[in-house]
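These are the residues of each chain, in order.
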Amino acid sequence: MTEHSQEPNKHPEPESLLPIDEHVEEGQDAEGRKVRHRGIYLLPNLFTTANLFAGFYSIINAVNGNFYVAAATVFVAMVLDSMDGRVARLTNTQSAFGGEYDSLSDMVAFGLAPAILAYQWALLELGNVGLTVAFIYAACAALRLARFNTQIGKVDKKWFIGLASPAAAGVVSGSVWAIWALDETGIRGTELPFVLVMLFALLVALAGLLMVSNIKYYSFKDLDFKGRVPFFAILVVVLVFAVVFSDPPRILLLIFLAYAVSGPVQYLLQIRRRRRVSESNPPPSSGE
């Protein structure tokens, strides 16, 4: 007499007719049990894809010499990047796939696009030095994003450790956009005096190094956008929009420059406070 297995019959999952593997992601439910999710969330990844396309479009325009469009598109990518995460949180559609996809899109939009834009606009005038500076920025952006992914849930979300890649991209792309817009026909970086080109190269390198520094920057993630605010707040928002749209290249550049400088200034002030505290409370001298 043959023995039959007492295990229930397990029906194999039907194979997909498409030549692309289905994405399966493991997670946990509300009770902490492991669950498997098939597929990806469409809505937040649409914004991430638009962010990726904006970075790609910026690179294409930079290579073709359309520096005004290339610089402005980086700022469009910033808007899209700020929306995908918020949409995912509001609709409860966060996923590990979305987080990784967002980082790769950010690398294109805020790492490669500004680096290629800076090189094509001015740094190529410096030869290998300009190429090195552009690569330093791109490499620092990659390191910044990789470090950020490993620090999620381990550091205070109120602060960024190092300058965020969108802010660094705002400094670099904003500089190109602002200087280009000084003339109706557009000013190329290669037409600038050599000293100004060197200062621009220094700015690009510093933006990259600030991304991988340990300097803290306020993240604005603790702001409550869903709560009620005084009526005066909406008037301030309208005023800010009016000021920005009065001269977008220069106003946006000033905003991102101020934010980039805020970190080092705050860091120096903290060092100064520590020195004052240590001077006012000297360690007790040891008796003989």
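Everything numeric here is computed off the predicted structure, so don't read it as measured data.

Definitions and cut-offs
- Residues numbered from 1 in each chain as written.
- Predicted model: local features only at pLDDT ≥ 70, side-chain atom pairs only at ≥ 80, totals over all residues.
- Heavy atoms only, no water.
- Helix = DSSP H or I, 4+ residues; strand = E, 2+ residues; numbered from the N terminus.
- Buried < 20%, exposed > 50% of the residue type's maximum accessible area, 1.4 Å probe, protein only.
- Areas by Shrake-Rupley, 256 points an atom, 1.4 Å probe, with all protein chains shown as cover.
- Patch = residues over 30% accessible without salt bridge, like charges linked within 9 Å, V, L, I, M, F, W, Y side chains within 5 Å.
- Salt bridge = Lys/Arg side-chain N within 4 Å of Asp/Glu carboxyl O.
- Lys, Arg positive; Asp, Glu negative; His and termini not counted.
- Charge placed at Lys NZ, Arg CZ, Asp CG, Glu CD.
- Polar contact = N/O pair within 3.5 Å; in protein donor to acceptor, adjacent residues only side chain to side chain.
- Contact = heavy atoms within 4.5 Å.
- Core = buried A, V, L, I, M, F, W, Y, C linked by side-chain atoms within 4.5 Å.
- Axes fitted to C-alpha atoms, helices over the stretch in contact; angles between N-to-C directions.
- Parallel < 35°, antiparallel > 145°, perpendicular 65-115°, else oblique.
- Left-handed = near helix turned anticlockwise from the far one by under 90°.
- Expected span 1.5 Å × (residues − 1).
- Phe/Tyr/Trp six-rings, centres within 6.5 Å; stacked < 30°, edge-to-face > 60°.

J.: Summarise the overall build of the protein; cite the residues concerned and give the values.
T.: Within the protein, the regular secondary structure consists of eight helices and four strands. Each helix (α) and strand (β) of the protein, taken in turn from the N terminus, gives the series β-β-α-α-α-α-β-α-α-β-α-α. The buried share of the protein, reckoned over its 288 residues, is 35%. In the form shown here, the protein has an accessible surface area of approximately 19100 Å², with 64% of it arising from carbon and sulfur atoms.

J.: How would you sum up a positive patch on the surface? Please name residues and give values.
T.: On the surface, R86, R89, K157 and K221 cluster together into a positively charged patch. Residue placement: K221 occurs in the loop between β4 (216–218) and α7 (231–246).

J.: Quick one: what's the story with the side chain of N51, residue by residue and with numbers?
T.: Turning to its location among the elements, N51 is positioned in helix α1 (residues 42–63). A distance of 3.1 Å separates polar atoms of two side chains, one belonging to N51 and the other to D106. The residues touching N51, leaving out its near neighbours within four places in the chain, are A77, L80, D81, S105, D106, A109 and F110.

J.: How would you summarise a nonpolar patch on the surface if you had to cite specific residues and measurements?
T.: On the surface, F231, F232, I234, L235, V236, V237, V238, V240, F241 and F245 cluster together into a nonpolar patch covering about 1000 Å² of accessible area. Within the element layout of this structure, F245 appears in helix α7.

J.: How would you explain the nonpolar core if you had to name every residue and give the values?
T.: The nonpolar side chains of a soluble globular protein tend to be buried with one another. Membership of the largest hydrophobic core comes to 58 residues, with the highest contact counts inside it found for W121, L123, Y137, L163 and F200. Among the elements of the structure, α1, α2 (67–90), α3 (96–121), α4 (128–151), α5 (165–180), α6 (194–211) and α8 (248–280) are those that each provide at least two residues to this core. Non-local contacts of Y137, meaning those with residues more than four positions away in its chain, are made with F110, G111, P114, A115, S165, A168, A169, V172, V204, A207, G208 and M211.

J.: Summarise the packing of α4 against α6; cite the residues concerned and give the values.
T.: Look at α4 against α6: their axes get within 8 Å of each other, and the N-to-C directions meet at 15 degrees. In this view, α4 runs roughly parallel relative to α6, as classed from their interaxial angle. As α4 packs across α6, the resulting crossing turns out to be left-handed. Of the residues in α6, those touching α4 at V133, Y137, C140, A141, R144 and R147 are A201, V204, A205, A207, G208, L209 and M211.

J.: Give me the lowdown on the side chain of D102, citing residues and values where you can.
T.: Assignment of secondary structure puts D102 in helix α3. On the basis of relative accessible area, D102 is assigned to the buried category, the value being 18%. The residues contacting D102, other than those within four sequence positions of it, are T48, D81 and D84.

J.: Before we move on, can you summarise the packing of α3 against α5 with the specific residues and values?
T.: The N-to-C vectors of α3 and α5 enclose an angle of 25 degrees; their axes lie 9 Å apart at closest approach. In terms of orientation, α3 and α5 fall into the roughly parallel class. Note on packing geometry: the crossing formed by α3 with α5 is left-handed. When α3 is examined against α5, the residues F110, P114, L117, A118 and W121 are found in contact with a partner set consisting of S165, P166, A169, V172, S173, V176, I179 and W180.

J.: Report on the environment of V212, specifying residues and quantitative values.
T.: Structurally, V212 is set in the loop between α6 and β4. The spacing of V212 and F148 is 64 residues in sequence and 9.9 Å in space, taken between C-alpha atoms. Residues within four places of V212 in sequence aside, it is in contact with C140, L143, R144 and R147.

J.: Can you tell me about α4, naming the residues and giving the values?
T.: For α4, which comprises 24 residues, the first-to-last C-alpha distance of 34 Å matches the rise-based estimate of 34 Å (1.5 Å per residue) to within 8%. Within the span of α4, buried status applies to G130, V133, A134, Y137, A138, C140, A141, R144, L145, R147 and Q151. Residues of α4 that are buried make contact with α3, β3 (159–161), α5 and α6.

J.: Tell me about the packing of aromatic side chains, and please be specific about residues and values.
T.: With the rule as written, the count across this model stands at 10 aromatic pairs. Taking the centre distance of 5.9 Å and the plane angle of 25 degrees together, the rings of F53 and Y57 count as stacked. With F53 and Y57 both in helix α1, this residue pair falls four residues apart, about one helical turn. A relative accessible area of 38% places Y57 in the partly exposed class. Through a chain of ring-to-ring contacts, the aromatic side chains of Y68, F75, W177 and F256 assemble into a single cluster.

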